[in-house]
Amino acid sequence: MDEYPVKVGSMLFTMVDPKRGHEAAYNRWYERDHFYAGCLVGPWLFAGRRWVAPRALKELRFPEPSPLAQPSVRTGSYVAVYWIHAGHHDEHHEWAINQVRWLYRNGRGFAERTHVHTLLYTYDWSFYRDSNPVPLELSLDHNFPGMASIAIEREAGVAQVDLDRWLRESYLPSMLAGSPIASCSTWSPIPQENAPPMDIPRVERTDRLDLQLYFLDDEPQQAWRYFVKLGKDLTATGLGRVVFAAPWLPTVVGTDRYTDELW
């Protein structure tokens, strides 16, 4: 691919459940205020996208139980994903911490929600199906009809390089070839610090955790068998295991679509 200077360096991944009875209100607050005021107006954050999991998609998730979604793997109805420009993570993060505190002090939070998994991640690498793909930097703006988030925990003593080599050289080429899966990006968690003014669960063993985002050319139900197989094949290698696998649909911005299908 041609090289351009706009590059993803890190990501905010935030998975949340509205409290029952507050689904539409939460959806409107997030997309009409917080998506912009808490994230997109900040320095060096250049793209964002919201995704939703209606109950039919939640039924596809695995494994149960999952350390990233408690008390059930089906916890977490919305996820927002944001790209932060390479080389400017600290600048954005400093702004974000101060901004979210200011918003809450000024009555612009939303108490009727529960954070399920909210964490910053460093970008590691991408693998593409096509020779001229949609690059990662544009993927949140491309209107992909589906996404899958796959969290992998390496087995104790397994080096990151060994898992990466198996994925990039042995597994992903055949998995993506001829499939509706356009790309896979892999991310390493940034340990939590500077707690924001909301209750965010701690993530254990971040030194062994990877998060993968797969962008799909079809609705995720049509591709889910590939991820079920990935989970089984990865376990068989002894390198690691899938600890959270979830399919997502993009929200329909400006509407309350799916708010009555979450449970």
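## What to know about the environment of P201
For step 1, the next point in the chain: By secondary structure assignment, the location of P201 is in the loop between β6 (181-189) and β7 (209-216).
For step 2, the next point in the chain: Excluding its chain neighbours within four sequence positions, the residues that come into contact with P201 are H115, V116 and Q192.

## A few points about the pairing of strand β4 (residues 113-128)
For step 1, the next point in the chain: Bridging between strand β1 (residues 8-18) and β4 involves 9 bridges; their strand directions are antiparallel. By the bridge assignment, D17 is partnered in β4 with T114.
For step 2, the next point in the chain: With 7 bridges connecting them, β4 and β6 associate as antiparallel partners. When the sheet's bridge partners are listed, Y123 is paired in β6 with W187.

## Considering the sheet that holds strand β3 (residues 78-85)
For step 1, the next point in the chain: Reading around the circumference, β1-β3-β2-β8-β5-β7-β6-β4 is the order of the 8 strands in this closed barrel, with antiparallel pairing throughout. Direction aside, neighbouring strands of the sheet carry axes that sit 35 degrees apart on average.
For step 2, the next point in the chain: Against the sheet, helix α4 (residues 160-176) engages β4, β5 (146-154), β6 and β7, with an angle of about 80 degrees to β4.

## A look at the pattern of salt bridges
Where charged atoms of side chains with opposite charge meet at close range, the side chains can pair.
For step 1, the next point in the chain: Taken as a whole, this structure holds 13 salt bridges when the rule is applied.
For step 2, the next point in the chain: A single salt-bridge network, built from bridges that share partners, covers E153, R205, R208 and R241.

## Quick look at helix α3 (residues 89-105)
For step 1, the next point in the chain: Taking 1.5 Å of rise per residue, 17 residues should cover 24 Å, and α3 covers 24 Å from first to last C-alpha, within 8% of that figure.
For step 2, the next point in the chain: Taken together, the buried positions of α3 are H89, H92, H93, A96, I97, Q99, V100 and L103.
For step 3, the next point in the chain: In this structure, the buried residues of α3 make contact with β1, α1 (23-40), β2 (45-52), β3 and β4.
For step 4, the next point in the chain: Positioned one or two residues after α3, G107 has a phi angle of 75 degrees, which is positive.

## Section: the nonpolar core
For step 1, the next point in the chain: In terms of nonpolar packing, the biggest core is built from 51 residues, with M11, F13, V81, W83 and L213 touching the most fellow members.
For step 2, the next point in the chain: The leading source of residues in this core is β3, at 7 residues.
For step 3, the next point in the chain: In this structure, F13 is in contact with V79, A80, V81, H117, T118, L119, Y121, S149, L211 and L213, ignoring residues within four places of it in sequence.
For step 4, the next point in the chain: I150, Y171, L176 and L234 belong to the second-largest nonpolar core, a separate cluster that totals 27 residues.

## Comments concerning the packing of α1 against α3
For step 1, the next point in the chain: Contact geometry of α1 with α3 gives a least axis separation of 9 Å together with a crossing angle of 135 degrees. The angle between α1 and α3 falls in the class oblique. Residues H34, A37, G38 and C39 of α1 touch α3, and the partners they reach there are H92, W95, Q99, V100 and L103.
For step 2, the next point in the chain: For the contact of α1 with α3, the class distribution of residues is 5 nonpolar, 4 polar and no charged.

## Quick look at a negative patch on the surface
For step 1, the next point in the chain: A contiguous patch of negative charge, built from D90, E91, E94 and E193, is present on the exposed surface.
For step 2, the next point in the chain: Its place among the elements puts E193 in the loop between β6 and β7.

## Quick look at α1
For step 1, the next point in the chain: Relative to the 26 Å expected for 18 residues at 1.5 Å per residue, α1 spans just 22 Å between its end C-alpha atoms, considerably shorter than the ideal helical length.
For step 2, the next point in the chain: Largest kink in α1: about 50 degrees, centred on H34.
For step 3, the next point in the chain: Turning to α1, its buried residues are E23, Y26, N27, W29, Y30, E31, D33, H34, F35, A37, G38 and C39.
For step 4, the next point in the chain: Where the residues of α1 are buried, they touch β1, β2, β3, α3 and β4.

## A short note on unusual backbone geometry
For step 1, the next point in the chain: The peptide bond linking F62 to P63 adopts the cis configuration, its omega dihedral lying at -10 degrees.
For step 2, the next point in the chain: By the secondary structure assignment, P63 is in the loop between α2 (55-58) and β3.
For step 3, the next point in the chain: Cis geometry is adopted by the peptide bond preceding P71, which originates at Q70 and carries an omega value of 10 degrees.
For step 4, the next point in the chain: For R205, which is not glycine, the phi torsion reads 50 degrees and is therefore positive.

## Some remarks on the packing of aromatic side chains
The relative placement of two aromatic rings is captured by the distance of their centres and the angle of their planes.
For step 1, the next point in the chain: Under the defined criterion, the tally for this structure stands at 17 aromatic pairs.
For step 2, the next point in the chain: Aromatic pair W51 and F215: ring centres 6.3 Å apart, planes at 50 degrees, arrangement tilted. Taken as a pair, W51 in strand β2 and F215 in strand β7 lie far apart in primary sequence, 164 residues in all.
For step 3, the next point in the chain: Note on F215: relative accessible area 0%, which makes it buried.
For step 4, the next point in the chain: Seen in terms of ring centroids, W166 and Y171 are 4.8 Å apart; in terms of plane orientation they differ by 25 degrees. Their pairing is stacked. Summarising the burial analysis for this pair, W166 and Y171 share the class buried.
For step 5, the next point in the chain: Here a set of aromatic residues connected by ring pairs shows up, and it is made of W51, W83, Y123, F144, W187 and F215.

The rules we used
- Residues numbered from 1 in each chain as written.
- Predicted model: local features only at pLDDT ≥ 70, side-chain atom pairs only at ≥ 80, totals over all residues.
- Heavy atoms only, no water.
- Helix = DSSP H or I, 4+ residues; strand = E, 2+ residues; numbered from the N terminus.
- Contact = heavy atoms within 4.5 Å.
- Pairing = 2+ DSSP bridges.
- Axes fitted to C-alpha atoms, helices over the stretch in contact; angles between N-to-C directions.
- Salt bridge = Lys/Arg side-chain N within 4 Å of Asp/Glu carboxyl O.
- Expected span 1.5 Å × (residues − 1).
- Buried < 20%, exposed > 50% of the residue type's maximum accessible area, 1.4 Å probe, protein only.
- Core = buried A, V, L, I, M, F, W, Y, C linked by side-chain atoms within 4.5 Å.
- Parallel < 35°, antiparallel > 145°, perpendicular 65-115°, else oblique.
- Nonpolar A, V, L, I, M, F, W, Y, C, P; charged D, E, K, R; others polar.
- Patch = residues over 30% accessible without salt bridge, like charges linked within 9 Å, V, L, I, M, F, W, Y side chains within 5 Å.
- Areas by Shrake-Rupley, 256 points an atom, 1.4 Å probe, with all protein chains shown as cover.
- Lys, Arg positive; Asp, Glu negative; His and termini not counted.
- Charge placed at Lys NZ, Arg CZ, Asp CG, Glu CD.
- Bend = angle between axes of the 7 residues up to and from the residue.
- Phe/Tyr/Trp six-rings, centres within 6.5 Å; stacked < 30°, edge-to-face > 60°.

Coordinates in, geometry out; function isn't part of it.
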